[in-house]
Structures are given as structure tokens and as C-alpha cells.
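The primary structure of each chain is shown beneath.
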Amino acid sequence: MGFFLETLFGGLMAGMLYALVALGFVLIFKASGVFNFAQGAMVLFAALAMARFSEWLPKWLGFESLLLANVLALIAAIAVMALLAWLIERLALRQLVGQEPIALLMATLGIAYFIDGAGQLLFGSATYKIDVGMPKDPMMVLEGTFEGGLLLSKEDLYAALISALLVIGLTLFFQKTPTGRALRAVADDHQAAQSIGIPLSRIWVIVWTIGGIVALVAGIIWGSKLGVQFSISLVALKALPVVILGGLTSVPGAIVGGLIIGAGEKLSEIYIGPMLGGGIENWFAYVLALGFLLVRPQGLFGDKIIDRV
């Protein structure tokens, strides 16, 4: 039982990291109706900005404090992501108001390639380090309950806590604030929202900025664990099944979907993998997502859309 729980907790912590990336997909789709294929590129771009600014600013300003470097780098990275959101709205989305969803989808693919290239041009293509002080040492818990206790990662626990706080804050923002309600109105019907005075361009800048900040948080955590490298953008591929499972329009669904997939792939790799030759962790999430598409296409918490003709 101790080994089972240790594997389960490890999977849940990995699932929270998947959920962070999936959260960016959900936020932008929920508020603008755009499925953002550029979210993985945004995670990479934000992580590169954080890593490089934390390296450059102490040299430019002549100080050695790691805390100050991280704080200033975080502010600079948020500003960069807000500028990126403004450019995306001004140069791409504004031209596509009222167009078919496929046009917006293809636009996000183009944006993804642009962001990848811009990140490499501005920040370089090497592997960079992010050190925000997250503890690396594991910890033992429940030693009196299980023989040898359970070995857990402190870094994963901190990441899970940050993710939970972010989800709570975003849920309250969408449900309780006028801006959040405006974002949901725009998602329901662009033209109707404009007809009652909601400025579509400002709303899209806001939601893409929020998506950029979520990408920054995910990038910092992934970069702290693995280093900032261009393979981080591939994390978005694992976030797609999470979105399908939880539902494209549900913020809590992104978290629940991430937890299910994170725990499921770890447990299946340990307990079923030996019987099938291993490698289940690589495809488990996609097979599970395919099953949900056949049975419940809107996901666990997604809105069921009925079109009357």
C-alpha cells in the first residue's frame, strides 16, 4: 500500500503540472472561443524570458541578490507576456473578428511558430536555469503508518499548492468580477457582446495576458524542475488530453483532468506496463482522451452544446 500511495502521489503531482498548461487552453477558449495551439510556445517563451532576465538584470543593474533578480525578472516577464498579448490581438485576432473558428485555429498555429522563432531569436536556444528557491530535496511522511514511510517531492508539493491557489483565484475572477463576466459574454457570442458595449479588442488582450501569466507560472515550475529547453513546448501535447478529459470550458475540469491523467499514467506504467512491455506512460493519456471523445465529447465538466436547426 505504501508503494501504491507513493506512486499515486507522484502521479497527482505530475498531473498538477499538466493541468497548469491545460489551464491556459481553457482560459483562452472560455473567454474568446479560440482553441489556442500556441499555448505550449507561450510556456516556453515565458520560461525563457524569466530565465534570461534573472541572468541579465543583475549584470545590467550591478547587484547579486537572487531574490531581487527573481522579483525583477518576474515583473519583466509579465510585462513581456502582456506586450505579446497586445501584439497578438492587434496583428492577428483583430483582423479575424467574425470569421469561422477554423480561421482562428489556423491563426494560433501561425502564432505558435512565430513565438518559437521569436523566443530563439531574443533569448537564445541553449538550456537555461531557473532558480526560484523551490526545495529539491524529497521528504518522508507517514513513517509511523507505512514501513519506510512515503517519499514525496517537496518541489512537486509546492507546485501543487501554487496551482491550487491560481485556480481558486481565476475561478473567483471569472465568476465574481465584471471583467470576468464580460469575458464569458464574449465567449458566448462576439457580436452580441459588442452590441451591448463590451470592447472585444480589450477583452482579448486581457484574456491573452492572463493566459500568458498562467503560461509563465507553468514555465517557471517546469523550468525549475527540468531547465528551460525547447522541449518544454511539447508539454502542451500532454495538456491536450487533459483539456479533452476535463472539458474545454471548465477551469476546475482542467485540474481534475490533469490529476486523473497524471495518476493514471503513473499507475498504469507501474502495474500494467510490465505485462505490455512498458511505455504505457507515453500513450495512456491519448487513449483515455479518445475514449472520452467517443462517450462524452464535452468532457467531464464541459458545457454540452446543442445546436437547433
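As the structure is a prediction and not an experimental result, all values here were calculated from the model. (Residues numbered from 1 in each chain as written. Predicted model: local features only at pLDDT ≥ 70, side-chain atom pairs only at ≥ 80, totals over all residues. Heavy atoms only, no water.)

Another aspect to go through is the overall build of the protein chain. A tally of helices and strands in the protein chain yields twelve helices and two strands. Secondary structure of the protein chain in N-to-C order comes out as α-α-α-α-β-β-α-α-α-α-α-α-α-α. Scaling as 2.2 N^0.38, a compact globule of 309 residues should have a C-alpha radius of gyration of about 19 Å, and the protein chain matches this with 20 Å. Going through the 309 residues of the protein chain one by one, you find that 49% of them count as buried. With an accessible surface of roughly 15100 Å², the protein chain has 66% of that area assigned to carbon and sulfur atoms. Positive and negative charge centroids in the protein chain, built from 18 and 19 side chains respectively, lie 9 Å apart. (Helix = DSSP H or I, 4+ residues; strand = E, 2+ residues; numbered from the N terminus. Rg over C-alpha atoms; globule rule 2.2 N^0.38 Å. Buried < 20%, exposed > 50% of the residue type's maximum accessible area, 1.4 Å probe, protein only. Areas by Shrake-Rupley, 256 points an atom, 1.4 Å probe, with all protein chains shown as cover. Lys, Arg positive; Asp, Glu negative; His and termini not counted. Charge placed at Lys NZ, Arg CZ, Asp CG, Glu CD.)

As a further point, take the packing of aromatic side chains. The full count for this structure, using the stated rule, is eight aromatic pairs. Pairwise contacts between aromatic rings join F45, F53, W56, W60 and F123 into one cluster. (Phe/Tyr/Trp six-rings, centres within 6.5 Å; stacked < 30°, edge-to-face > 60°.)

This part takes up the environment of F173. The residue F173 is located in helix α5 (residues 154-176) in this model. Excluding residues within four positions of it along the chain, F173 makes contact with T179, G180, L183 and I210. (Contact = heavy atoms within 4.5 Å.)

Right, let's talk about the pairing of strand β2 (residues 150-153) for a bit. Covered by surrounding structure in β2 are L150 and L152 only, the residues L151 and S153 on the alternate face being uncovered. For strand β1 (residues 138-141) and β2, the ladder comprises four bridges, and the chain directions are antiparallel. Residue M140 lies in a different strand from β2, and its bridge partner there is L151. (Pairing = 2+ DSSP bridges.)

Moving on: the side chain of S268. Counting through the fold element by element, S268 comes out in helix α10 (residues 251-271). Since its relative accessible area comes to 6%, S268 is described here as buried. Among the polar contacts made by the side chain of S268, one reaches the main-chain carbonyl oxygen of G264 at a distance of 2.8 Å. In this structure S268 touches G273, I280 and F284, once residues within four positions along its chain are discounted. (Polar contact = N/O pair within 3.5 Å; in protein donor to acceptor, adjacent residues only side chain to side chain.)

What follows concerns the pattern of salt bridges. Considering all chains together, one arrives at four salt bridges under this definition. The shortest N-O distance in the salt bridge between R52 and E55 comes to 2.8 Å. One end of the pair is R52 and the other is E55, both in helix α2 (residues 39-61) and three residues apart, which spans about a single turn. Look at R52 and you get buried, because its relative accessible area is 13%. (Salt bridge = Lys/Arg side-chain N within 4 Å of Asp/Glu carboxyl O.)

Tracing the chain through its elements places I203 in helix α8 (residues 200-226). Between the alpha carbons of I203 and A182 there is a distance of 7.6 Å; along the sequence they are 21 residues apart. When neighbours within four sequence positions are excluded, I203 is seen to be in contact with A182, L183, V186 and I198.

The subject of this paragraph is the packing of α2 against helix α4 (residues 101-123). Remark: α2 packs on α4, axes separated minimally by 9 Å, with the N-to-C direction vectors making an angle of 15°. If you check the angle between α2 and α4, you find them roughly parallel. Between α2 and α4 the crossing geometry is left-handed. For the pair formed by α2 and α4, the contact residues are A41, M42, L44, F45, L48, A49, R52, F53 and W56 on the first element and A112, I115, D116, A118, G119, L122 and F123 on the second. In the contact of α2 with α4, the residues fall into 13 nonpolar, one polar and two charged. (Axes fitted to C-alpha atoms, helices over the stretch in contact; angles between N-to-C directions. Parallel < 35°, antiparallel > 145°, perpendicular 65-115°, else oblique. Left-handed = near helix turned anticlockwise from the far one by under 90°. Nonpolar A, V, L, I, M, F, W, Y, C, P; charged D, E, K, R; others polar.)

The quantities given are spatial measurements derived from coordinates; they are silent on function.
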